Amino acid sequence: MDTTIENKVTQWLKGGFDAETVAAVQKLQQGNPEELADAFYRNLEFGTGGLRGIMGVGTNRMNKYTVGMATQGFANYLKKTVKGEIKIAIAHDSRNNSRFFAEVTANVMAANGIKVFLFERLRPTPELSFTIRHLKCQGGVVLTASHNPKEYNGYKAYWDDGGQLVPPHDKDVIKEVEKIAGIDAVKWTGGEANITLIGKEVDEAYLQMLKGLSINPDVIAAQHDMKIVYTPIHGTGITLVPEILQRFGFTNVHIVEEQATPDGNFPTVVYPNPEEAEAMSMGLKKAKELDAAILLGTDPDADRVGIAVKDLKGEWILLNGNQTAVLLFNYIIEGRKKKGLSGPTDFVGKTVVTSDLIDVFAAKNGVNCYNVLTGFKWIADMIREKEGKEKFICGGEESYGYMIGDNVRDKDAVASVAMICEMAAYARNEGRSLYEQLIDIYVKYGFYKEQLISITKKGMKGADEIAEMMRTYRDAPPATINGSPVVKLYDYQLQQAKDLKTGATQAITLPKSNVLQFILEDGSKISARPSGTEPKIKFYFSVQQPLPQASDFDKVNTLLDQRIQGIIKDMKLK
């Protein structure tokens, strides 16, 4: 075993850790050296979603000690950086140990003399972001692993704008954590008087803000009985989503009862992720039984939402995150325009791997669309940068996360569910379905079709394999993909866009990130990106074609499907 790993293991055996932890390390030593190595070969780091990992003993695991040391580092950084009183808000989701980790975080912060606002029980992540701004806190933490499997938990750290940590704060917090030699450097207890429990009063402020996002309340009044099915998939959405739908004016909402109770074991699903058809299957069954207008499902911390609607044949289908984003952005942009709410400084934001169709219709409507790196913290960072100069309308990413208005600075499935239902009610009021609305957008602006493939590579070996894949693509990019020449390579790690025909280069002004994008002559775009939160490498495919009329939809849809499959086959990804 590597000497560094051995030293870490020894420290956990002899460094004053509790008896239960020592016994668990010894058990791994004796019976599972491979898992022991994986548990200690590195320290958990802040990625696009903060600190996230499998729960268990070790430096590469989520446990009391890694949470405590991360919190001490964050507290030290706050005390170094902030002048005067420091306030922090803390929330957690329904996962196993989330409440325990939230209380550990609260106790360490409080012991450091920081005033803590701790939610009395589970709450959606977006409400934590709102609370930081509402209570004028200097930071925040939410304990969640979002949509990861039940073995995982995580720690998302926020700054005073309600957005997740971005440079230099994220790296500087890690530096402070790395300075902590052992658990004796953590202030575990002693400041309990600094902790204030919060709940319904903040809920009320958040819900009132969300209600103000509605563009067409008159349409909801006319379509209030539209049949809606909602599943929180055992997560925090149950606390506020039914309430906001009622406040928007919807009177015919049906909850998937089998998935209504918060439960960190997620007993009815393999992955508590609305991107997965399996996680939405119970909701689909109920939607079919009730002949509902729409099905919506949120992940455990209620920052992502997946939806299902009927297609042109009346069959239920799950929309992907790009399709929902296209519908939602278009509804908000055009709706604001029709209501006379739009202005010359309006802008929207999305990630570089989210559908370029949004750029197209935003430009046609006189709205700036800015692209950022993957991770909602970059959209929040962009809003902060443009505050007072331009007006943020909405933001989104293909991985089912959307944000409306700037009172929350993270993806918000509570707001999104309400606005998506309003959007569906608007379409229904016009005698249209959401699926027909989507095809109308394709006819007007072009048919963009996207697909995602995630390849899982676990442990140290997997991390090396992912790194090697990226190195090969970077050093020897393919000349053609699926018969179409690669004309441009965007390398976000080198911060350079290169024209492969002329050799000309152009600077990319976004921060460095290990992302590659290949632009083909036929307009196709392939993006490769190692996940910042999971042991995966993700490939995003985007192809496009004009759609002359709605009746051509099936034909063009088949053509684009074949193009994507051709790309996947040529790149040997399946």
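Definitions and limits used
- Residues numbered from 1 in each chain as written.
- Predicted model: local features only at pLDDT ≥ 70, side-chain atom pairs only at ≥ 80, totals over all residues.
- Heavy atoms only, no water.
- Helix = DSSP H or I, 4+ residues; strand = E, 2+ residues; numbered from the N terminus.
- Buried < 20%, exposed > 50% of the residue type's maximum accessible area, 1.4 Å probe, protein only.
- Contact = heavy atoms within 4.5 Å.
- Polar contact = N/O pair within 3.5 Å; in protein donor to acceptor, adjacent residues only side chain to side chain.
- Salt bridge = Lys/Arg side-chain N within 4 Å of Asp/Glu carboxyl O.
- Expected span 1.5 Å × (residues − 1).
- Arc of directions from axis to C-beta.
- Pairing = 2+ DSSP bridges.
- Axes fitted to C-alpha atoms, helices over the stretch in contact; angles between N-to-C directions.
- Phe/Tyr/Trp six-rings, centres within 6.5 Å; stacked < 30°, edge-to-face > 60°.
- Lys NZ or Arg CZ within 6 Å of the ring centre and 35° of its normal.
- Core = buried A, V, L, I, M, F, W, Y, C linked by side-chain atoms within 4.5 Å.

On to the environment of Gly199, then. Here Gly199 is to be found in the loop between strand E6 (195–198) and helix H8 (200–211). Residue classification places Gly199 among the buried positions, given a relative accessible area of 2%. When the C-alpha atoms of Gly199 and Val22 are compared, they prove to be 37 Å apart, with 177 residues separating the residues in sequence. Residues within four places of Gly199 in sequence aside, it is in contact with Phe119, Glu120 and Arg123.

Let us now look at the environment of His254. In this fold, His254 is placed in strand E8 (residues 253–255). Of the residues examined, His254 reaches a relative accessible area of 23% and is grouped as partly exposed. Taking the C-alpha atoms as reference points, His254 and Leu290, 36 residues apart in sequence, are found 9.0 Å from one another. Side chain to side chain, His254 and Asn252 meet in a polar contact 2.8 Å long.

On to the pattern of salt bridges, then. For the coordinates displayed, the defined rule picks out 39 salt bridges. When the shortest N-O distance is used, the salt bridge between Lys171 and Asp170 registers 3.7 Å. Given the relative accessible area of 4%, Asp170 is considered buried. With a shortest N-O distance of 3.8 Å, Lys339 and Asp218 are connected by a salt bridge. Of this pair, Lys339 sits in the loop between helix H12 (321–338) and strand E12 (346–351) while Asp218 sits in helix H9 (residues 217–222), placing them 121 residues apart in sequence. On the basis of relative accessibility, which here comes to 39%, the residue Lys339 falls in the partly exposed class. Each member of the salt-bridge network shares a partner with another, and the members are Lys156, Asp301, Asp303, Glu397 and Lys411.

When the terminal C-alpha atoms of helix H2 (residues 19–31) are compared, their 18 Å separation across 13 residues agrees well with the 18 Å that a helix rising 1.5 Å per residue should span. Within the span of H2, buried status applies to Thr21, Val22, Val25 and Leu28. Angularly, the buried residues of H2 cover 125 degrees about the axis, an arc narrow enough to put them on a single face. Within H2, the exposed residues directed more than 90 degrees away from the buried face are Ala19, Glu20, Lys27, Gln30 and Gly31. Those residues of H2 that are buried are in contact with helix H1 (3–14), helix H3 (33–40) and helix H4 (64–81). Sitting at the amino-terminal end of H2 is Asp18, which places a side-chain oxygen 3.1 Å from the backbone nitrogen of Glu20.

With that settled, consider the sheet that holds strand E3 (residues 115–119). Across the sheet, 6 strands lie side by side as E1-E5-E4-E2-E3-E6; this open sheet has mixed pairing. Of all strands in the sheet, those with a lone pairing partner are strand E1 (51–54) and E6, marking the two edges. Within the sheet, the average angular offset between the axes of one strand and its neighbour, ignoring direction, is 15 degrees.

In this fold, Asn557 is placed in helix H18 (residues 553–570). Since its relative accessible area comes to 16%, Asn557 is described here as buried. When neighbours within four sequence positions are excluded, Asn557 is seen to be in contact with Phe447 and Lys449.

Here the focus is helix H17 (residues 459–475). Side chains that are three or four residues apart share a direction in an α-helix, a result of its 3.6 residues per turn. With 17 residues, H17 extends 24 Å between its outermost C-alpha atoms, agreeing within 8% with the 24 Å of an ideal straight helix rising 1.5 Å per residue. Buried residues in H17 make contact with strand E18 (484–491), strand E21 (516–520), strand E22 (525–530) and strand E23 (536–545).

A few words on the packing of aromatic side chains. In total, this model carries 18 aromatic pairs according to the counting rule given. The interplanar angle of 20 degrees and the centroid separation of 4.4 Å between the aromatic rings of Trp12 and Phe17 together place this pair among those described as stacked. Judged by its relative accessible area of 2%, Trp12 is buried. Measuring from centroid to centroid gives 5.6 Å for Tyr331 and Tyr426, while their planes differ by 65 degrees, and the two rings are edge-to-face. Of this pair, Tyr331 sits in helix H12 while Tyr426 sits in helix H15 (residues 413–429); the two residues are 95 residues apart in sequence, bridging distant segments of the chain. A residue is classified by how much of its surface remains accessible, and Tyr331, at 7% relative accessible area, is buried. In this structure Tyr426 comes out as buried when scored by relative accessible area, which is 17%. Through pairs of rings, three or more aromatic residues link up here, namely Trp12, Phe17, Phe40, Tyr65 and Trp188. Sitting over the ring of Trp188, Lys64 keeps its end group 5.3 Å from the ring centre.

Quick look at the sheet that holds strand E13 (residues 368–372) now. In space, the 4 strands of this open sheet follow the order E13-E12-E14-E15, with mixed pairing throughout. The sheet is open, and its two edges are formed by E13 and strand E15 (401–404), each paired on a single side. Neighbour to neighbour, the strand axes of the sheet diverge by 20 degrees on average, direction disregarded. Relative to strand E14 (residues 391–397), E12 runs parallel, the two being bridged by 5 bridges. Within E14, the position partnered with Phe347 by the bridge is Phe392.

Glancing now at the pairing of strand E5 (residues 152–159). Taken across its 8 residues, E5 has 8 buried, putting it largely inside the fold. Every second residue of E5 is oriented toward a common face, with Tyr152, Gly154, Lys156 and Tyr158 on one face and Asn153, Tyr155, Ala157 and Trp159 on the other, all of them buried. Of the pairings in the sheet, the one linking E1 to E5 comprises 4 bridges and is antiparallel in character. Bridge assignment links Arg52 to a residue of E5, and that residue is Gly154. As paired elements, strand E4 (residues 139–143) and E5 share 5 bridges and run antiparallel to each other. Across the sheet, the residue bridging to Val142 is Lys156, located in E5.

Grouped together as the largest cluster of nonpolar side chains are 97 residues, with contacts concentrated most on Leu296 and Phe541. The greatest single-element share of this core, amounting to 13 residues, is contributed by H15. Each residue touching Phe541, except ones within four places of it in the same chain, is listed here: Lys449, Glu450, Gln451, Ile453, Lys525, Ile526, Ile564, Ile567, Ile568, Met571 and Leu573. Val22, Phe40, Met69 and Phe74 belong to the second-largest nonpolar core, a separate cluster that totals 48 residues.

Let us now look at unusual backbone geometry. The linkage connecting Pro167 with the following residue, Pro168, adopts the cis geometry, with an omega of 0 degrees. Tracing the backbone through its elements, the reader meets Pro168 in the loop between E5 and helix H7 (169–178). For Ala302, which is not a glycine, the phi torsion comes out positive at approximately 55 degrees. Of note, Ala302 is situated in the loop between strand E9 (294–298) and strand E10 (305–310). Overall, the relative accessible area of 0% leaves Ala302 in the buried class.

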